[in-house]
Amino acid sequence: MFKARMRFSKTDEAAYISHLDLMHCMQRAIARAHLPVWYTEGFNPHIYISVALPLSTGYSGEWEFVDFNCTADEIPADAVQRLNAVMPSGLSVQEIYPLDDGGRKVRDIAYSKFEITWEFDGGVPEGFVDAANELFARDELKILKRSKRGEKEVNIRDYMRGITLEADRDCVRAYTILGAGNNNLSPEYLTKLILRELPQYAPDGATYHHLMVYDAQLNEFR
Amino acid sequence: MKLSRKLKRILPRVQKPARYVGGEWGSVVKDRNEVDLRFGMCFPDTYEVGMSHLGSRILYGLLNAQDGVWCERVFAPWIDMEDEMRAANIPLYGLESGDSISELDILGFTLQYELSFTNILNMLDLGGIPVYASERKGLKNLVVCGGPCAYNPEPLAPFVDAFQIGDGEEVMIEFIDLYRQAKQEGWSKDQFLRRVCHIDGVYVPSLYDVSYNDDGTVKAVTPKDGAPEFVQKRIVQDLDNMYYPEYFVVPSTDIVFDRAMVELFRGCPRGCRFCQAGHTYRPLRKKSVETLLRQAEAVLEHSGYEEISLSSLSTSDYSQLPELADKLLDFCESRRVSLSLPSLRADSFSLELMERVQKVRKSGLTFAAEAGSQRLRDVINKNLTAEDLLNACTYAFKGGWNNVKLYFMMGLPTETNEDFDEMAQLCRDIAYCWKCNTPNKARGVRITASASCFVPKPQTPFQWDAQVTKEELDEKTAYLRTVMKTKNVTFRWHDSDTSYLEAVFARGDRRTADALYTAWKSGCKMDGWDQCFDYNKWLDAFHMCGLDPAFYANRQRPLDEVFPWDHIGCGTSKEHLKREWERSRRAEPTPSCLETCAGCGAVSLMKGCACHV
Ligand code: SF4
């Protein structure tokens, strides 16, 4: 038996599957695909899996991970195909690979890349992109950050590794690298900042898409 | 379904958004341009409740198995979602296409309980569809209802175009075939209704006039335009060859019963006199062990579910249960699937089986005793003695179980305080039985006695009986609380307001539809949910419509009264129900169908075949 990792995307309808529900979805999909996986012992055996860095409900993402234990000598060559044939809409597996020597540890994840879409139903207002660029270029962007230990005032810039904006017809997309894991910063704070600092440009809606995760040296994590 | 920007914007703000987006494994998506009939399988309650309903799953599979037919699921959004949808101008939509339900040809509602009736109106309204049948002029958006409450369809009569009475599998296909013909040939809605009422088991309420006596009771129900005088329910005679879905929609979010299910048999041999299902699912028909194993395997294989349950009204009465259980358990163990067996009786075989099946959950053992004394159990024909119960408890306690739940009803016909004294005694006896038999006194025992209010249901032997008034019920509860004072016994009782409303609509006539409409207009919905139920709004609604709810709920009806549902057949004859009522007043039990046929009449619906489980 060895540890294996599945990299998958969670988009469209599946963006609304909560973390706990996602575990069930994956377990059932694995059962449908008859993959050789390890079940927990005991009275209520179930497929053992663990989901790294769960996405907030409503976010989509394309660099997500589930770890499990494979009981065969190697991962079946058609495992990805078999799984994708039985997935709910919006969940799709990209690769499954063994974690030699335990693989990269989930706790090594330090950054996430997000695509934030700010929607403007009447078209992107003139001046917004410049104003936003100016805003995010400031050295100090204080916000009240909520965590399990309560609220704390922090400087967003300490959590950000760059941001670029791209304007479309009725939306602006921001690509940004933000702290993840222990140093997590929700991309929603960027939207909040716009609402606070640039209320004249308040977008009609915002969506969040998780693109990539990195370690502390900004190497892609997989 | 494709999620619109508008919808995506509100989803993050509502509780459990996964229930509003579809896309689950097993959901069926077809090309809307390649079907000629679009059907909405509507369940007038939340996703979690509706997705747990086996009947809807069967019909969903059946309809989608037809070429050219696309069946979608529609549920009532929870109030937070409804508010957001109304504010954003998003109509109620089918979970497969995301299209407004107003684009669907037929909307089929499942009627599981009376307290979901307002949700039907609310769902239609959310879809931008007029709630009154008379205001829906075209063939499109035809509203059809089926399910247990269709055995008294009258409170919904003005809202519904047609009811399907009884087993849906066959009548549904005949119904949609005629609809497709109507659509193709451009019939008017009237033309269609006048034709469809001749399909056996279809009731078109607009083709019947109801007249009333001075005292408010029904005088006569008169068919017009050639509609049949009596609509007998439909049954599927051969369950082995009946359609059964080989796949289930597997929800991506938690629901009430999240597991695979197979149905053992239809009908119940017991004939408890308060039980509507027991009298309306007859005659008795079963599936063979081979069929069940094949269907269980198919459903598990396709769904990936980790649990399967056997569904029936009385699982212990399935004659080949030992054989089935053995084979199923072998199969389940090899797949690491757990088996759950609801509706078992208090006999030793069932307990042994339960022990084999639920190795882990030694906590919960439930018995539906229904009444506290033998006399009252004879009145209601609940074939269970104190001795049976104590034997079962002895066995269970010896085996280490330490949690027993007992279900009782309050307000049963002929009930007195003496019956409650005996109920308390029974609980004491069970507590004592635990003391004598448990291997581990230190762990303690939990005995819970829950009492709910009896609701007289149409098409049962107790359809003539009055529900006790709120005042009487309060007295009964107060008395029970004084006698149910045994250590280790917790007594719980249900609030009576919802039972009162249930009683009104269970045996209501067409006039109660006004109150339903008025209550809904004043904001009543999700009445089955405590946090939404507003009793006073309902009382106001009855008052505004000049209706006395007590007339429907609390009146002892004479044996010769014409009932609003007398023209709807449930298989069991009214003569049999009357006989059963008379026996009940003599506290005379009627043997189970497994011993002898009581002549309920339902077997006449089967051609050349007898009742069997
Ligand atoms: S016909 Fe006889 S055996 Fe069949 S359900 Fe009725 S009473 Fe029972």
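As the structure is a prediction and not an experimental result, all values here were calculated from the model.

Calculation notes
- Residues numbered from 1 in each chain as written.
- Chains lettered and ligands numbered in written order.
- Predicted model: local features only at pLDDT ≥ 70, side-chain atom pairs only at ≥ 80, totals over all residues.
- Heavy atoms only, no water.
- Helix = DSSP H or I, 4+ residues; strand = E, 2+ residues; numbered from the N terminus.
- Rg over C-alpha atoms; globule rule 2.2 N^0.38 Å.
- Buried < 20%, exposed > 50% of the residue type's maximum accessible area, 1.4 Å probe, protein only.
- Areas by Shrake-Rupley, 256 points an atom, 1.4 Å probe, with all protein chains shown as cover.
- Lys, Arg positive; Asp, Glu negative; His and termini not counted.
- Charge placed at Lys NZ, Arg CZ, Asp CG, Glu CD.
- Contact = heavy atoms within 4.5 Å.
- Buried area = accessible area lost by both parts, 1.4 Å probe.
- Salt bridge = Lys/Arg side-chain N within 4 Å of Asp/Glu carboxyl O.
- Polar contact = N/O pair within 3.5 Å; in protein donor to acceptor, adjacent residues only side chain to side chain.
- Near = heavy atom within 4 Å.
- Nonpolar A, V, L, I, M, F, W, Y, C, P; charged D, E, K, R; others polar.
- Domains from an automatic or database assignment.
- Pairing = 2+ DSSP bridges.
- Axes fitted to C-alpha atoms, helices over the stretch in contact; angles between N-to-C directions.
- pLDDT = per-residue confidence, 0-100.
- Parallel < 35°, antiparallel > 145°, perpendicular 65-115°, else oblique.
- Left-handed = near helix turned anticlockwise from the far one by under 90°.
- Phe/Tyr/Trp six-rings, centres within 6.5 Å; stacked < 30°, edge-to-face > 60°.
- Lys NZ or Arg CZ within 6 Å of the ring centre and 35° of its normal.

Enquirer: Lay out the overall build of chain B in plain terms, naming residues and giving numbers.
Expert: On a plain count of helices and strands, chain B comes out with 20 helices and 19 strands. Since a compact globule built from 613 residues should have a radius of gyration of about 25 Å, the 24 Å found for chain B is in line with a globular shape. Counting only C-alpha atoms and orienting by the principal axes, one finds that chain B spans roughly 75 × 65 × 55 Å. Counting all 613 residues of chain B, 61% fall into the buried class. Total accessible area computed for chain B in this model is approximately 23,300 Å², and 49% of it derives from carbon and sulfur atoms. In chain B, 75 positive and 86 negative side-chain charges are present, and the distance between their average locations comes to 3 Å.

Enquirer: I'd like a description of the interface of chain B and chain A, backed by residues and values.
Expert: In this complex, chain B contributes 29 residues to the contact, which on the side of chain A involves 27 residues. Summed over the three residues of chain B that lose the most area to chain A, namely Arg5(B), Trp25(B) and Arg336(B), the buried surface amounts to 26% of that side. For the pair chain B and chain A, the number of links is 7 salt bridges. For Glu119(A), the salt bridge identified is with Arg5(B), shortest N-O distance 3.7 Å. Viewed at the interface, chain A and chain B are joined by 12 residue pairs in polar contact (both at pLDDT 80 or more). For the side of chain B that touches chain A, the secondary-structure elements that each account for two or more residues are helix H1 (5-10) and helix H9 (289-303) of chain B.

Enquirer: Which residues make up the site of the ligand, and what values go with them?
Expert: As a matter of local geometry, the ligand sits amid Arg282(B), Cys593(B), Cys597(B), Ala598(B), Gly599(B), Cys600(B), Val603(B) and Cys611(B). Of the residues belonging to the shell around the ligand, the class tally is 6 nonpolar, 1 polar and 1 charged.

Enquirer: If you had to explain the environment of Asn33(B) to someone new, which residues and values would you point to?
Expert: Within the secondary structure, Asn33(B) sits in the loop between H1 and strand S1 (37-43). Note on Asn33(B): relative accessible area 68%, which makes it exposed.

Enquirer: Which residues make up the domain arrangement of chain B, and what values do they have?
Expert: All names here are of chain B. Assigned domains of chain B: these are domain 1 (5-232) and domain 2 (259-358 + 571-613). Computed from C-alpha atoms alone, the centre-to-centre distance between domain 1 and domain 2 is 29 Å. Residue-level contacts link 11 residues of domain 1 with 13 residues of domain 2. Summing both partners gives a buried area of about 1,000 Å² for domain 1 against domain 2, and 48% of it is carried by carbon and sulfur. Among the residues of domain 1 in contact with domain 2, Leu54, Tyr151 and Asp167 are the three that bury the most area, contributing 43% of the side total. At the surface where domain 1 touches domain 2, the tally comes to 3 salt bridges. Residue Arg285 pairs with Asp167 through a salt bridge whose shortest N-O separation is 2.7 Å. Our count for the domain 1 to domain 2 interface comes out at 6 residue pairs in polar contact (both at pLDDT 80 or more). The element contributing the most residues to the side of domain 1 that touches domain 2 is helix H3 (residues 54-64), with 3 residues.

Enquirer: Please give an account of the sheet that holds strand S17 (residues 446-453) of chain B that cites residues and values.
Expert: Residues and elements named next belong to chain B. Read from one edge to the other, the open sheet built from 4 strands follows the order S15-S16-S17-S18, with strand pairing classed as parallel. Two strands close off the open sheet at either side, each with one partner strand: strand S15 (365-370) and strand S18 (489-493). With direction set aside, neighbouring strand axes in the sheet form an average angle of 20°. The sheet contact formed by S15 and strand S16 (residues 403-410) spans 5 bridges and is parallel. Looking at S16, one finds that Glu370 is bridged to Phe408. Each of S15 and S16 is contacted by helix H13 (residues 386-398), which is oriented at about 170° to S15, the strand it contacts most.

Enquirer: So, the pattern of salt bridges: which residues are in play, and what are the values?
Expert: Tallied over the full model, the rule gives 60 salt bridges over all chains. Where Arg173(A) meets Asp168(A), a salt bridge forms, and the shortest distance between an N and an O atom there is 3.0 Å. Each of Glu119(A), Asp121(A), Arg169(A), Asp170(A), Arg5(B) and Arg9(B) takes part in salt bridges that share partners, so that together they form one network.

Enquirer: Which residues make up the environment of Val172(A), and what are the values?
Expert: Residue and element names in this part refer to chain A. Residue placement: Val172 occurs in strand S9 (residues 171-179). Spatially, the C-alpha atom of Val172 lies 9.3 Å from that of Pro203, the residues being 31 residues apart in sequence. Not counting residues up to four positions away in its chain, the partners in contact with Val172 are Ile116, Thr117, Trp118, Phe120, Val124, Phe128, Val129, Leu165, Glu166 and Ala167.

Enquirer: Let's hear about the side chain of Asp105(B): which residues, and what values?
Expert: All names here are of chain B. Checked against the element boundaries, Asp105 lands in the loop between helix H4 (79-88) and strand S3 (106-110). Owing to a relative accessible area of 6%, Asp105 belongs among the buried residues under this scheme. Not counting residues within four places of it along the chain, the set of residues in contact with Asp105 comprises Asp36, Leu37, Arg38, Leu139, Lys140, Asn141, Leu142, Tyr179 and Lys183.

Enquirer: How would you summarise the domain arrangement of chain A if you had to cite specific residues and measurements?
Expert: Residue and element names in this part refer to chain A. One can read the domain layout of chain A as domain 1 (2-103) and domain 2 (107-214). Measuring from the centre of the C-alpha atoms in domain 1 to the corresponding centre in domain 2 gives 29 Å. Summed over both sides, the interface between domain 1 and domain 2 buries roughly 950 Å², with carbon and sulfur atoms accounting for 63% of that surface. Per-residue buried area on domain 1 facing domain 2 is highest for Leu53, Tyr59 and Trp63; these three make up 60% of the total on that side. For the interface between domain 1 and domain 2, the tally reads 0 salt bridges. There are 8 residue pairs in polar contact (both at pLDDT 80 or more) connecting domain 1 and domain 2. Of the residues contributing to the side of domain 1 that touches domain 2, the split by class is 5 nonpolar, 3 polar and 2 charged.

Enquirer: Can you tell me about the confidence of the model for chain B, naming the residues and giving the values?
Expert: Overall, the prediction assigns chain B a mean pLDDT of 94, with 99% of residues at 70 or greater. Across the interfaces of the predicted complex, the ipTM metric reaches 0.93, alongside a pTM of 0.95.

Enquirer: Which residues make up the packing of H13(B) against helix H14 (residues 417-437) of chain B, and what values go with them?
Expert: Residues and elements named next belong to chain B. Orientation of H13 relative to H14, taken along the N-to-C sense of each, is 30°, at an axis distance of 9 Å. As judged from the angle between their axes, H13 and H14 are roughly parallel. Between H13 and H14 the crossing geometry is right-handed. Across from Ala386, Leu389, Leu390, Cys393, Thr394, Phe397 and Lys398 in H13, the residues of H14 making contact are Leu426, Asp429, Ile430, Cys433, Trp434 and Asn437. The residue makeup of the contact of H13 with H14, split by class, is 9 nonpolar, 2 polar and 2 charged.

Enquirer: Provide a residue-level description of the environment of Val504(B), including the pertinent values.
Expert: All names here are of chain B. Among the structural elements, Val504 can be located in helix H16 (residues 497-506). Separated by 50 residues in the primary sequence, Val504 and Asn554 have C-alpha atoms spaced 8.7 Å apart. Not counting chain neighbours up to four residues away, the residues in contact with Val504 comprise Thr512, Phe542, Pro549, Tyr552 and Ala553.

Enquirer: Now, about the packing of aromatic side chains: what can you tell me, with residues and values included?
Expert: One pass over the structure, following the stated rule, counts 29 aromatic pairs over all chains. Geometrically, the ring pair formed by Phe505(B) and Phe542(B) is tilted, given 6.0 Å between the ring centres and 35° between the ring planes. Pair noted here: Phe505(B) is in helix H16 and Phe542(B) is in helix H18 (residues 535-544), with a separation of 37 residues, a long-range link. With respect to class, Phe505(B) is no different from Phe542(B); both count as buried. Among the aromatic residues, those joined into a ring-pair cluster are Trp118(A), Phe120(A), Phe128(A), Phe136(A) and Tyr201(A). When the ring centre of Trp63(A) is taken as reference, the NZ or CZ atom of Arg7(A) above it lies at 3.9 Å.

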